[in-house]
Amino acid sequence: MRRPVAIVTALVLFGEAVGIVLINAVLATIAENQHMSLAGMDPGAMSAGTWAMGGVFGVLLVLCGLTALIAGIRDRAPGRVGRIALIGCAVVHGVVGAVSVGLLGWSAFAFLMVVLALLVLTLLAYGPESRAEDAVGDKRAPAAV
């Protein structure tokens, strides 16, 4: 069950990365064409910042997706850095999901919570094994005195 969940998580993150880059591309184009500025900032700087933000978020989502995909293909838990990246991605999805209710509506919130659930399920599925299984049969009993 954990392999399909990790692979679906990776595919959803790849799709989300494409969506984020496209949304930021549209916003950057609009900001540049309309000569929009915020508090007197140069419109070119706003456009460049939006392009950079979209690229960075897209790359981060792709890296998180690759981490989940590799975990699903190998059927092994991701390493420390990969686990930290997936946890960070889950936290960001939770915060953005909470903010999106008021700004974008319940459908955006539902999508972000589905992605959050997939990330958490992937992290839990590839979590550390229980301690009870490790302790049974591995050690010898101490010698009686």
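Since the structure is predicted, the reported quantities are computational estimates derived from the model, not experimental observations.

Caption draft 1: Just the pattern of salt bridges, in detail. All told, the structure shown has one salt bridge when counted by the stated rule. Two residues, D75 and R2, come together in a salt bridge whose shortest N-O distance is 3.1 Å. One end of the pair, D75, is in the loop between helix 2 (43–74) and helix 3 (80–103); the other, R2, is in helix 1 (residues 2–33), and 73 residues separate them in sequence.

Caption draft 2: Spotlight on the environment of R2. With relative accessibility at 29%, the residue R2 sits in the partly exposed group. Separated by 119 residues in sequence, R2 and L121 have C-alpha atoms that sit 8.2 Å apart.

Caption draft 3: A nonpolar patch on the surface, seen in detail. Together, M53, V56, F57, V59, L60, V62, L63, L66 and I70 make up an exposed nonpolar region whose accessible area comes to about 750 Å². Turning to its location among the elements, L60 is positioned in helix 2.

Caption draft 4: Focus on the side chain of S100. Mapped onto the elements of the fold, S100 is located in helix 3. Using a relative accessible area of 3% as the deciding quantity, one classes S100 as buried. Polar side-chain contacts of S100 include one of 2.8 Å to the backbone oxygen of G97. Not counting the four nearest positions on each side in its chain, S100 is found in contact with G105, A108, F109 and L112.

The rules we used
- Residues numbered from 1 in each chain as written.
- Predicted model: local features only at pLDDT ≥ 70, side-chain atom pairs only at ≥ 80, totals over all residues.
- Heavy atoms only, no water.
- Salt bridge = Lys/Arg side-chain N within 4 Å of Asp/Glu carboxyl O.
- Helix = DSSP H or I, 4+ residues; strand = E, 2+ residues; numbered from the N terminus.
- Buried < 20%, exposed > 50% of the residue type's maximum accessible area, 1.4 Å probe, protein only.
- Patch = residues over 30% accessible without salt bridge, like charges linked within 9 Å, V, L, I, M, F, W, Y side chains within 5 Å.
- Areas by Shrake-Rupley, 256 points an atom, 1.4 Å probe, with all protein chains shown as cover.
- Polar contact = N/O pair within 3.5 Å; in protein donor to acceptor, adjacent residues only side chain to side chain.
- Contact = heavy atoms within 4.5 Å.

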